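# Structural overview for review
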Amino acid sequence: MDKLFKTLGFWTAMFAILFYVGDMMMMTLFFIAQTGFFVLLGYMKLTERMYMYVFAAYLVFFFVGFTYFTTFLLEPSFGNQH
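Position labels on residues start from 1 in each chain and follow its written sequence. Under the rules for a predicted model, residues below a pLDDT of 70 receive no local features and side-chain atom pairs below 80 are neither given nor counted, while totals for whole chains, interfaces and linings still include all residues. Excluded from the side-chain calculations are hydrogens and water; all other atoms, namely the structure's heavy atoms, are used.

## Considerations on the packing of aromatic side chains
Working definition: rings of Phe, Tyr and Trp (its six-membered ring) pair if their centres are within 6.5 Å, and the pair is stacked with planes under 30 degrees apart, edge-to-face with planes over 60 apart, and tilted otherwise. All chains considered together, the criterion is met by 16 aromatic pairs. Residues F37 and F38 carry aromatic rings whose centres are separated by 5.6 Å and whose planes lie at 50 degrees to one another, so their mutual orientation is tilted. Residue classification places F37 among the partly exposed residues on the basis of a relative accessible area of 35%. For every residue, the accessible area (1.4 Å probe, protein chains only) is compared with the maximum for its type, and the residue is labelled buried under 20%, exposed over 50%, or partly exposed between those bounds.

## Brief notes about the side chain of T28
Among the secondary structure elements, T28 is positioned in helix α2 (residues 25-42). For T28, a relative accessible area of 6% translates into the label buried. T28 has contacts with A16, F19 and Y20, leaving out every residue within four places of it along the chain. Helix and strand assignments come from DSSP, with helices taken as H or I runs of at least 4 residues and strands as E runs of at least 2, each series counted from the N terminus. Residue contacts are defined here by distance: any two heavy atoms, one from each residue, within 4.5 Å place the two residues in contact.

## Describing the pattern of salt bridges
By definition, a salt bridge exists where a carboxyl oxygen of Asp or Glu is found within 4 Å of a side-chain nitrogen of Lys or Arg. For the structure shown, the criterion picks out 1 salt bridge. Taking the shortest distance from any N to any O, the salt bridge between D2 and K45 comes out at 3.0 Å. Of the two residues, D2 is situated in helix α1 (residues 2-21) and K45 in the loop between α2 and α3 (48-73); the sequence distance between them amounts to 43 residues. Overall, D2 belongs to the buried group, its relative accessible area being 17%.

Written out as C-alpha cells, the structure reads:
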C-alpha cells in the first residue's frame, strides 16, 4: 500500500505542474500540499487497514474542498484574460 501513496504523490505533483503552467496558483499550492501528504504517508509503513482509513478520509476532504473551490472561489475565464 505504501507504493500506492507514492504513486498518488507522483500524480498530484504532475497536476500541480499543469496547474502552474495554467497560471492557477491556488490550485498549484493545493496540489503541492497533497503531494507532500501522499509522499509522507508512503514512507510511514502503516498497516493496510490504516492506509485505507486515511485514503477514505482524504477522499471526503478532497471532494468537499474541491467542490467548494470550484463552486464559490473559481472565477470562470477563457485563456489568460483576468
